Amino acid sequence: MDKQSLTRLQRQLTGKYVATNGLFWMAYVCIWGFGAVYLKGKGFSSTETGIITALGGLISVVFQPLLAARMENGGLSVRQAFMLCLGAACICDVVLLVCPAAAALALACLFLAVMALFQMNSAVLNSLGMEYVNLGIPVNYGLARGAGSVCFALLSLALGFVTERFGVDALIVLSLVF
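Residues numbered from 1 in each chain as written. Predicted model: local features only at pLDDT ≥ 70, side-chain atom pairs only at ≥ 80, totals over all residues. Heavy atoms only, no water.

Describing the pattern of salt bridges
- In this structure the tally under the stated criterion is one salt bridge.
- Between Asp 169 and Lys 42 there is a salt bridge, with the nearest N and O atoms lying 3.0 Å from each other. In this pair, Asp 169 sits in helix α7 (residues 169-177) while Lys 42 sits in the loop between α2 (35-41) and α3 (46-72), placing the two residues 127 residues apart along the sequence. (Salt bridge = Lys/Arg side-chain N within 4 Å of Asp/Glu carboxyl O. Helix = DSSP H or I, 4+ residues; strand = E, 2+ residues; numbered from the N terminus.)

Structure (structure tokens):
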């Protein structure tokens, strides 16, 4: 591949990776950044919210190495793993939306699953950037991470107003949109 083609490919992949980071972190803030707001809005106590959040993190700690092993053994590509986690989180989000009066335990389990899947996917997203670098395509990883941080911050600013105006289910809708 000549230098001009490599530069063009680098720009294209960097652009896609920047957009993927921005959108992912916007969805992430809806779930992790405002998870306590969502759970409180659904009637959970502060203690229950803390337990659900902690369990979401712990579950991702258990399953993340299993997902990584599956990727390393060739069972899943990085892109497949990313889409698998994202797809599973979307399915849980849709169930949360269509069953708003679900029992507290079911709601807690679904939201906990969404939290764990997003937490796991943050590591997979980093792996996606490293996959390009390992293929000899130097994507601008710093620019992508910076874009993700800016998107997270800007949406955080807006989400307070959004949840006040439209309710906590707007967080789930927005996590699906992004």
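Observations concerning the nonpolar core
- If you look at the biggest cluster of nonpolar residues, it comprises 49 residues, and the most contacted ones within it are Ile 31, Tyr 38, Leu 67, Leu 96, Phe 111, Phe 118 and Leu 159.
- The dominant element in this core, judged by the number of residues it contributes, is helix α5 (residues 104-134), at 14 residues.
- The residues contacting Phe 111, other than those within four sequence positions of it, are Ile 31, Gly 35, Tyr 38, Leu 39, Leu 96 and Ile 172. (Core = buried A, V, L, I, M, F, W, Y, C linked by side-chain atoms within 4.5 Å. Buried < 20%, exposed > 50% of the residue type's maximum accessible area, 1.4 Å probe, protein only. Contact = heavy atoms within 4.5 Å.)

A look at α3
- Across its 27 residues, α3 extends 39 Å between first and last C-alpha, which sits within 8% of the 39 Å expected from 1.5 Å per residue.
- Along α3, the sharpest change in direction is near 30 degrees and occurs at Phe 63; proline Pro 65 comes one to four residues later.
- Those residues of α3 not exposed but buried are Thr 49, Ile 52, Gly 56, Ser 60, Leu 67 and Met 71.
- The inward-facing, buried residues of α3 contact α1 (3-33), α2, α4 (78-98) and α5.
- Directly beyond the C-terminal end of α3, a positive phi value near 85 degrees is found at Gly 74. (Expected span 1.5 Å × (residues − 1). Bend = angle between axes of the 7 residues up to and from the residue.)

Observations regarding a nonpolar patch on the surface
- A cluster of nonpolar side chains, Ile 51, Leu 55 and Leu 58, forms an exposed patch at the surface whose accessible area comes to about 270 Å².
- With respect to the helices, strands and loops of the structure, Ile 51 is situated in helix α3.
- On the basis of relative accessibility, which here comes to 47%, the residue Ile 51 falls in the partly exposed class. (Patch = residues over 30% accessible without salt bridge, like charges linked within 9 Å, V, L, I, M, F, W, Y side chains within 5 Å. Areas by Shrake-Rupley, 256 points an atom, 1.4 Å probe, with all protein chains shown as cover.)

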